[in-house]
Each structure stands twice: as structure tokens, then as C-alpha cells.
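Structural description and commentary
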Amino acid sequence: MAKRVDKEQRQAELLEIAIEVFAKRGYQATTMDEIAEQAGVSKGMLYIYFKNKEALFGAVFRWFGKMTEEVMQSAIDDTKDEVEQIRRITAAWAEVAIRHREFVPLFLDFWAAASVHGMRNDYAEDLATMYDEYRTMIIGIIERGKVRHIFKSDVDAEAIAYLLVGGMDGFFIQSWLSQPNNLNTLIFNATESLLQGIITT
């Protein structure tokens, strides 16, 4: 068991270093040699944990998706109020966007890679899984709110989930481009505007 823990810990450490290198150099310019050098290991050792650069990049993206989902889930764990849960999810996303703005170029690289022959299946599947998990979380909140008559009965939970996830992605990219100093406020105001349209009166 200890060996497995050590291996997982080492893999996590290598992943953290890879994130720094990818963020600084971009996917195309980064090499496994550079990552190995930064990590202080041989390239052969790096290949033990990740079979190639594509696999390592995919692991970086999955880490980001899981981290974001965990942050959002943690934000809503201590409240059963569906309206507050929606507010907290978007606020948590804002914090991720502010803390990890350097991820935007990598995000764009990943989207581009998902359309490239040879990488399309794996990367597109990772993207689809990430978005499905985000939407499922939001759909569950909306549906529970409808049952409790917090949200209007005719609200399309799936459509709202697509809108929120798409909006959060848009804020993420635009915050990197324009560097607003009030991203939290912008996302809060956008969330309130959406909520006003679906909350029962």
C-alpha cells in the first residue's frame, strides 16, 4: 500500500511541475525533456508515469476539471438552499478563474487538440465528461428547487445548466483577455439576473 501511495504522490508532484511548464510554454512548445529537467528526473522516469506528452497533457486537463468540480461541490455542501447553491457554484468558479487565469491558454490548447486527428477521441471525451459532470450538478439543483417550488415549474433545467456552464467558460476566457478587477461582482450580477428569471414570485 505504501508503494502505491508513494507512486501516486510522485505522479501528483510530476503533474504539478508539468502544469507550470505547460502554462509557461504552451502545449506545442513544451517537451517531455523540459518537464523532466524541471522535475529533476530522467525522461525515462517521466515516461513511467505518463506514456507521452499527450497523455500528460490529458492528465493535466483532468486534474483541472476534477479540481474545479471539487471546489464547486465543497462550496454547496453546507447548504440545502437551491438558490444559494447556484450563487455559490458561480462564485466558486469565479475564484477558480481568478486563481488559475494561467490555465486559459492551456484550455484553448486542449480544445484545439480535441479537434486534431489522432487526439480527438481521448481529448473530446475528457471535455464531454467534464462538462457533463458540471451540468449534472446544476441540473440536480434546479430539479430539486422545482420540486420545492423554489424555481418555476416550467424551467428547463438542462437549458439553464448549459447556459451557466457556457457562461462560466466565457467569463474564464474573457477574464484572461481583459483582466477585470471585479470578476466576482460581474459573475454575481450575471447570476442574480439569471436567478430572477427562474425563481418563483
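Preceding block: the structure.
Being a predicted model, the structure only gives us computed values, none of them experimental. (Residues numbered from 1 in each chain as written. Predicted model: local features only at pLDDT ≥ 70, side-chain atom pairs only at ≥ 80, totals over all residues. Heavy atoms only, no water.)

What follows covers the overall build of the chain. A tally of regular secondary structure across the chain gives nine helices and zero strands. Of the regular secondary structure in the chain, the N- to C-terminal order runs α-α-α-α-α-α-α-α-α. Oriented by its inertia axes, the alpha-carbon framework of the chain measures out at about 65 × 45 × 30 Å. A buried classification covers 43% of the 201 residues belonging to the chain. Residue pairs at least 24 apart in sequence account for 70% of intrachain contacts in the chain once pairs closer than 6 positions are excluded. For the chain, the accessible area works out to roughly 11,000 Å², and carbon and sulfur atoms hold 53% of it. In the chain, which carries 22 positive and 30 negative side-chain charges, the distance between the mean positions of the two groups comes to 2 Å. (Helix = DSSP H or I, 4+ residues; strand = E, 2+ residues; numbered from the N terminus. Buried < 20%, exposed > 50% of the residue type's maximum accessible area, 1.4 Å probe, protein only. Contact = heavy atoms within 4.5 Å. Areas by Shrake-Rupley, 256 points an atom, 1.4 Å probe, with all protein chains shown as cover. Lys, Arg positive; Asp, Glu negative; His and termini not counted. Charge placed at Lys NZ, Arg CZ, Asp CG, Glu CD.)

Moving on: the pattern of salt bridges. Scanning all chains against the criterion turns up 11 salt bridges. The salt bridge partner of glutamate 13 is arginine 10, with a shortest N-O separation of 3.1 Å. Of this pair, glutamate 13 and arginine 10 both sit in helix 1 (residues 2-25), three residues apart, which is roughly one turn of that helix. Here glutamate 82 ties to arginine 148 by a salt bridge, and the two come within 2.7 Å at their closest N and O atoms. (Salt bridge = Lys/Arg side-chain N within 4 Å of Asp/Glu carboxyl O.)

The geometry of helix 5 (residues 82-99) relative to helix 9 (residues 183-198) is characterised by a closest axis approach of 9 Å and an angle of 155 degrees between their N-to-C directions. Overall, the two elements helix 5 and helix 9 adopt an arrangement that is roughly antiparallel. Handedness of the crossing formed by helix 5 with helix 9: right-handed. Every residue of helix 9 that contacts helix 5 at Val83, Ile86, Arg87, Thr90, Ala94, Glu95, Ala97 and Ile98 is listed here: Leu183, Asn184, Ile187, Phe188, Thr191, Glu192 and Leu195. When grouped by side-chain class, the residues that make up the contact of helix 5 with helix 9 number nine nonpolar, three polar and three charged. (Axes fitted to C-alpha atoms, helices over the stretch in contact; angles between N-to-C directions. Parallel < 35°, antiparallel > 145°, perpendicular 65-115°, else oblique. Left-handed = near helix turned anticlockwise from the far one by under 90°. Nonpolar A, V, L, I, M, F, W, Y, C, P; charged D, E, K, R; others polar.)

What follows is about helix 8 (residues 157-178). Between its first and last C-alpha, helix 8 extends 31 Å over 22 residues, near the 32 Å set by a 1.5 Å rise per residue. When helix 8 is considered as a whole, its buried residues turn out to be Ala157, Ile160, Ala161, Leu164, Val165, Met168, Asp169, Phe172, Ile173 and Ser175. Where helix 8 begins, the capping side chain belongs to aspartate 156, and its oxygen is found 3.1 Å from the backbone nitrogen of glutamate 158. Positive backbone phi, approximately 50 degrees, marks glutamine 179, located one or two places after helix 8. (Expected span 1.5 Å × (residues − 1). Polar contact = N/O pair within 3.5 Å; in protein donor to acceptor, adjacent residues only side chain to side chain.)

To continue, consider unusual backbone geometry. In the Ramachandran plot, histidine 149 falls in the positive-phi region, its phi being about 60 degrees despite a non-glycine side chain. Of note, histidine 149 is situated in the loop between helix 7 (120-147) and helix 8. On the accessibility criterion, histidine 149 (61% relative accessible area) is exposed.

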